[in-house]
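A look at the structure
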Amino acid sequence: MAYDHNNIFARILRGEIPCKKTFENTHALAFQDIAPQAPVHILVIPKGAYISLDDFTAKATPAELDGFWRAVGQVAREAELVTGGYRLIANHGANAHQEVPHFHVHILGGRALGAMLTKT
Ligand code: AMP
């Protein structure tokens, strides 16, 4: 599957549509989810064109991997989620219901999040 350069997160990276940015470094951008499912719901995306975690971990450079994952940790710290706890979600493909085909990690927190998966 080829990367779709017109997906919504690619357009956010190009500045074509706005986002509520919370953090940025050389290799990653973090912004608030448009439909938050917890008091804190932030998405972290790499700046490179990667479809999902599978694509990212197969092809990203060490610098991209380092910059991205350090951004995830820093965003959670800056959102003051470390003490209370938080959850990361990275959906890959159809079974996981990935909607946007640009790799992203959801950071969720700010309340007790309950069981890891629903039974449906
Ligand atoms: P996923 O199902 O893992 O692909 O999640 C995609 C996420 O992107 C959902 O939580 C959406 O609410 C979120 N989303 C879609 N469009 C935007 C947007 N323009 N700005 C911020 N978040 C978005």
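Residues numbered from 1 in each chain as written. Predicted model: local features only at pLDDT ≥ 70, side-chain atom pairs only at ≥ 80, totals over all residues. Heavy atoms only, no water.

1. What about the nonpolar core?
Inside soluble globular proteins, nonpolar side chains tend to come together where they are buried. Operational definition: The criterion is simple. A nonpolar core is a set of buried Ala, Val, Leu, Ile, Met, Phe, Trp, Tyr and Cys residues joined through side-chain atoms within 4.5 Å. Whether a residue is buried, partly exposed or exposed follows from its accessible area with a 1.4 Å probe, protein chains only, as a fraction of its type maximum: under 20%, in between, or over 50%, in that order. A run of H or I in DSSP counts as a helix once it spans at least four residues, and a run of E counts as a strand once it spans at least two, with each numbered from the N terminus. We call two residues contacting when some pair of their heavy atoms lies within 4.5 Å.
Val 44, Phe 68, Val 75 and Ile 107 are the most contacted members of the largest nonpolar core, which has 18 residues in total. Those elements that place two or more of their residues in this core are strand E2 (28–32), strand E3 (40–46), helix H3 (62–78) and strand E5 (105–109). For this core, the leading source of residues is H3, giving 5 residues. Apart from the residues lying within four places of it in its own chain, the contact partners of Ile 107 are Val 40, His 41, Ile 42, Val 44, Val 72, Val 75, Ala 76, Leu 81, Tyr 86, Arg 87 and Leu 88. In this structure, Phe 9, Ile 12, Leu 29 and Ile 45 belong to the second largest nonpolar core, which totals 7 residues.

2. Concerning the layout of surface pockets
Over the atoms a probe the size of a water molecule is rolled, and this reveals where empty space is left. Cut-off, in case you're wondering: In this analysis a 1.4 Å probe is tested at points of a 1 Å grid over the protein atoms alone, and where it fits but cannot get out there is a cavity; an open set with protein on both sides within 12 Å along at least five of seven lines is a pocket; lining residues have an atom within 4 Å of a point. Grid points are joined across faces, edges and corners, and a volume is the space filled by probe spheres set on the points. Residue polarity follows a fixed list, in which Ala, Val, Leu, Ile, Met, Phe, Trp, Tyr, Cys and Pro are nonpolar, Asp, Glu, Lys and Arg are charged, and the others, Gly among them, are polar.
Within this model, the largest pocket holds a volume of roughly 1100 Å³. For the largest pocket, the lining is made up of 34 residues, of which Asp 33, Gln 37, His 41, Asn 91 and His 106 are closest to its centre. The set of elements that each furnish at least two residues to the lining of the largest pocket consists of helix H1 (8–13), E2, E3, strand E4 (86–89) and E5. For the lining of the largest pocket, the class distribution of residues is 19 nonpolar, 10 polar and 5 charged.

3. Re the packing of aromatic side chains
We count it as follows: Here a pair means two rings of Phe, Tyr or Trp (six-membered ring of Trp) with centres within 6.5 Å. Their orientation is stacked below 30 degrees between planes, edge-to-face above 60, and tilted elsewhere.
The full count for this structure, using the stated rule, is 7 aromatic pairs. For the ring pair Phe 56 and Phe 68, a centre distance of 5.2 Å and an interplane angle of 65 degrees mean the geometry is edge-to-face. Here Phe 56 is found in helix H2 (residues 53–59), whereas its partner Phe 68 is found in helix H3, with 12 residues between them in sequence. Residue Phe 56 is classed as buried on the basis of its relative accessible area, which comes to 0%. A ring pair is formed by Phe 68 and Phe 103, whose centres lie 5.0 Å apart and whose planes are at 45 degrees; its orientation type is tilted. In this pair, Phe 68 is assigned in helix H3 and Phe 103 in the loop between E4 and E5, connecting sequence segments 35 residues apart.

4. Overview of H3
Selection rule: Helices are assigned an expected span. That span is 1.5 Å times one less than the residue count.
A rise of 1.5 Å per residue sets the reference length of H3, with its 17 residues, at 24 Å; its end C-alpha atoms lie 24 Å apart and thus fit the reference within 8%. Inspection of H3 places Glu 64, Gly 67, Phe 68, Ala 71, Val 72, Gly 73, Val 75 and Ala 76 among the buried residues, and these make up the whole buried set. Looking at the buried positions of H3, the neighbouring elements they touch are strand E1 (21–24), E2, E3, H2, E4 and E5. At the C-terminal side of H3, Glu 80 shows a positive phi close to 60 degrees.

5. A word on unusual backbone geometry
Leave glycine aside and you will find that most residues have negative phi; peptide bonds, for their part, are mostly trans. In the Ramachandran plot, Glu 80 falls in the positive-phi region, its phi being about 60 degrees despite a non-glycine side chain. Exposure remark for Glu 80: the relative accessible area of 71% places this residue in the exposed category. Positive phi, close to 65 degrees, is recorded for His 97, a residue that is not glycine. Take His 97: it is sitting in the loop between E4 and E5.

6. Some details on the site of the ligand
For clarity, the cut-off: Neighbouring residues are identified by heavy atoms, a residue being near a molecule or strand if any of them is within 4 Å of it. Two N or O atoms count as a polar contact when they lie within 3.5 Å, although within protein this holds only if one can serve as hydrogen donor and the other as acceptor, and sequence-adjacent residues are included solely when both atoms are side-chain atoms. For accessible areas, the Shrake-Rupley method is used with a probe of radius 1.4 Å. Any residue's cover is judged against the shown protein chains and nothing else. Assignment to a cavity or pocket requires that more than half of a molecule's atoms be within 2 Å of the site's grid points.
Around the ligand, 16 residues are found, and the nearest of them are Asp 33, Asn 91, Glu 99, His 104 and His 106. Separating an oxygen atom of the ligand from a side-chain N or O atom of His 104 is a distance of 2.8 Å. In the complex, the protein chains occlude 87% of the 510 Å² of accessible area that the ligand would expose alone. In this structure the site holding the ligand corresponds to the largest pocket. At the level of secondary structure, the elements contributing two or more residues to the shell around the ligand comprise H1 and E2. The dominant element in the shell around the ligand, judged by the number of residues it contributes, is H1, at 3 residues.

Coordinates in, geometry out; function isn't part of it.
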